[in-house]
Each structure stands twice: as structure tokens, then as C-alpha cells.
Amino acid sequence: MADTCGQVLLGSGLTVLSHPLMYIKVLIQVGHEPLAPSLGRNLFGRQVSQLPGLFAYAKHIIKIDGKAGLFKGLGPRLCAGSIGTIVHSNVVQKCQEHCTPQVLGGQQKAVEGSLQHVVNETTKEMIARSCATIVTHPFHVITLRCMVQFIGRETKYSGVFDSIVTVYREEGVLGFFAGLIPRLLGDVLSLWICNLLAHLINTYAIDDSMSHTGEIKNCSQAVTGFFASMLTYPFVLVSNLMAVNNCGLAGGLPPYASVCPTWVDCWRHLSREGNMSRGNSLFFRKLPAGKMYAVDQKRFF
């Protein structure tokens, strides 16, 4: 219990610190570009036209809403983080107590570091993460909608409880789970890619006789995690877009955004437009190829 409380407090602190970054990332993901492209320099020092990065975007938000404006949607996100941590911890504990090796498809005793052990542990983690994601997704949807209100200057989603009532009244129970399927798929794929790839690297590319083997293996886990998140980023993008799609906010309605009946339609639309990586980078942002900037709508066509 004490460990879980500590995780909740630590997670809440990290959430508060990282919230402005997520806020800006979400606005970029939905295509909001309030600042026109400008001349800048790339990593090699060459002068290029580029989109404003993290700090320029943050200054723009502060200019309009003040510093507190960078923390829109923080309340429901803190709820999601705290509840998610508790659910994850409890499910992991239950899996350790009740999920036998036979249930997980393994042998009685899988040797630590073996492929079977990695599969067993990844399966437990997948179950725990999926449960936490499903339980907290309604708060995630509210968080995103609170953020996207910046585009149309709406106040439709003003608090956790009021937002819950608004979503239920307008969309019913299903409204709380908009964008859930691509989010779950992205989480599961990212977890398996990360753990299996790290296992392959640690088994066949790292010699146990080397010095600092533990540190090297931890580094490989971090690298594979980053690689997996890059591969599965389109699922994150589609999930966030579907959470605000056709919800009554300007950022999720025509002419600003196309209405997509399903997440597959959203995926296809982004693919046709060449926007599958939109919002993936907050620095050195390149101009979209073949797009024109519309000053009045503050987006690209």
C-alpha cells in the first residue's frame, strides 16, 4: 500500500511537470498551428523554413491565457494517473497470486532471462496496463477535450464532474471510450516490441562477461522502448484525434477537422494526407510537404 501511495505521489508530480508539454503536443496533433512558419536553422545550421517549436508555442499560449493556461486539463489527467497507478498495482499483484504458469502458457518454472520468462512477465504487464487504460480512459477523453477547447475558445468542458455529465448527456456511455481501441492496440504492440527486442539484444548482442552488463541492459531497454514508441506513434495520434472527433468542439468538427465514423477511417485519412507523424516532434518541425498555411483558420491545407 505504501509503495502504491509513493508511486501515485511521484506520478502526480511528474504529471504536473510534463503537462504543458502534453498540452502543446495535443494541439499540434489535432493540427492547430496558431503561428505562421518562420525562418530558422536546422541541426546542421542551414537556414530553413520551419514551424514554431515547443517554446514558441508555449509563449503563444501564455500570451493568451497566462501561465495557468498551460495546465488546462490537469485535473482529469491527475485523476487518470492516480487511478491508473492503483489499478495497475492491484492487477499486477493479483496476477502474481493467481496467474499460474499454465494460464500464461509457460512451464512450471521459467528461468529468469529466458524467452518464456519474458513472455510471462510481458503478458502480466499487458493485462495490468490494459485494465488501467480501460478504467482511466474516460478521464483521458475529458483531458483531451479540455485541451482542444483552446482552438475555439470554448468552455464546454470546465471541470471533471461537469465534463462527465456533459459527455454522458450528449454521447452516452460510449462517449467515454472514444479512441480506446487504437490506444489499447498501441500500448500492447509497444510493450511487446520493446520487451522482445530488448530480450534479443540482451541475449545475442551483449556478453554477460562484459563489465557494467546491468547498466548496458538497462540502456538497451530504454532504447528499445523509444524505438517501440516511435513505431506505434500513429496509434497514439489516431486515438487522441478520435477522442475529440465530432464532440461538439471546433477542433473536432468541419471545416477544421474531418468527421471520421471509425478510427480506421481516421487512420486512412491521416495516411492519405501524409500526417501519420503529426505532433511526433516538438523541435525542428518541418513544413508539411505540399501544404498551404491558412492564416484565418491557423492550420495547413
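Everything below is about the structure shown above.
Remember, it's a predicted structure, so these values are computed and weren't measured experimentally.

Let us look at the overall build of the chain. Helix and strand counts for the chain stand at nine helices and five strands. Listing every helix and strand of the chain by position from the N terminus yields α-β-β-α-α-α-α-α-α-α-α-β-β-β. The globule rule puts the C-alpha radius of gyration for 301 residues at 19 Å, and the 21 Å found for the chain is close to it. On the principal axes, the C-alpha backbone points of the chain span a range of 65 × 50 × 35 Å. Long-range pairs, those at least 24 residues apart, make up 73% of the contacts in the chain between residues at least 6 apart in sequence. Of note, the chain has its 26 positive side-chain charges centred 10 Å away from the centre of its 18 negative side-chain charges.

Take Asn240: it is sitting in helix 8 (residues 233-244). Polar side-chain contacts of Asn240 include one of 2.8 Å to the side chain of Gln29.

Contact geometry for helix 1 (residues 2-29) and helix 4 (residues 115-152): axes closest at 9 Å, N-to-C directions at 70 degrees. The pairing of helix 1 with helix 4 is recorded here as roughly perpendicular in orientation. Two packed elements cross with a definite hand, and for helix 1 against helix 4 that hand is right-handed. Note on element contacts: helix 4 touches helix 1 through His140, Thr143, Leu144, Met147, Val148, Phe150 and Ile151, opposite His19, Met22, Tyr23, Val26 and Leu27.

What follows is about the pattern of salt bridges. Side-chain pairs of opposite charge can arise where the charged atoms are in close proximity. Using the criterion set out here, one finds seven salt bridges in the structure. A salt bridge links Lys72 to Asp65, with the nearest nitrogen and oxygen atoms 3.2 Å apart. The residue Glu171 makes a salt bridge to Arg145 at a minimum N-O spacing of 2.6 Å. One end of the pair, Glu171, is in helix 5 (residues 160-171); the other, Arg145, is in helix 4, with 26 residues separating them in the sequence. The class of Glu171 is partly exposed, set by a relative accessible area of 30%. A single network of salt bridges, built from pairs that share partners, joins Asp65, Lys72 and Arg153.

Every α-helix winds through 3.6 residues per turn, so residues three or four apart in the chain are directed the same way. With 25 residues, helix 3 (residues 74-98) extends 36 Å from end C-alpha to end C-alpha; this agrees with the ideal 36 Å at 1.5 Å per step. For helix 3, the elements touching its buried residues are helix 1, helix 4 and helix 5.

With that settled, the discussion passes to the nonpolar core. Ranked by internal contacts, the top residues of the largest apolar core, which has 39 residues, are Ile24, Leu27, Ile61, Cys266 and Leu270. Looking at this core, the elements that each hand over two or more residues are helix 1, helix 2 (54-65), helix 4, helix 8 and helix 9 (263-273). The biggest single contributor to this core is helix 4, with eight residues. In contact with Cys266, not counting residues within four places along its chain, are Val238, Leu241, Met242 and Cys260. Counting residues in each nonpolar core, the second largest holds five residues, with Val87, Val91, Ala128 and Ala132 among its members.

Rules behind the numbers
- Residues numbered from 1 in each chain as written.
- Predicted model: local features only at pLDDT ≥ 70, side-chain atom pairs only at ≥ 80, totals over all residues.
- Heavy atoms only, no water.
- Helix = DSSP H or I, 4+ residues; strand = E, 2+ residues; numbered from the N terminus.
- Rg over C-alpha atoms; globule rule 2.2 N^0.38 Å.
- Contact = heavy atoms within 4.5 Å.
- Lys, Arg positive; Asp, Glu negative; His and termini not counted.
- Charge placed at Lys NZ, Arg CZ, Asp CG, Glu CD.
- Polar contact = N/O pair within 3.5 Å; in protein donor to acceptor, adjacent residues only side chain to side chain.
- Axes fitted to C-alpha atoms, helices over the stretch in contact; angles between N-to-C directions.
- Parallel < 35°, antiparallel > 145°, perpendicular 65-115°, else oblique.
- Left-handed = near helix turned anticlockwise from the far one by under 90°.
- Salt bridge = Lys/Arg side-chain N within 4 Å of Asp/Glu carboxyl O.
- Buried < 20%, exposed > 50% of the residue type's maximum accessible area, 1.4 Å probe, protein only.
- Expected span 1.5 Å × (residues − 1).
- Core = buried A, V, L, I, M, F, W, Y, C linked by side-chain atoms within 4.5 Å.

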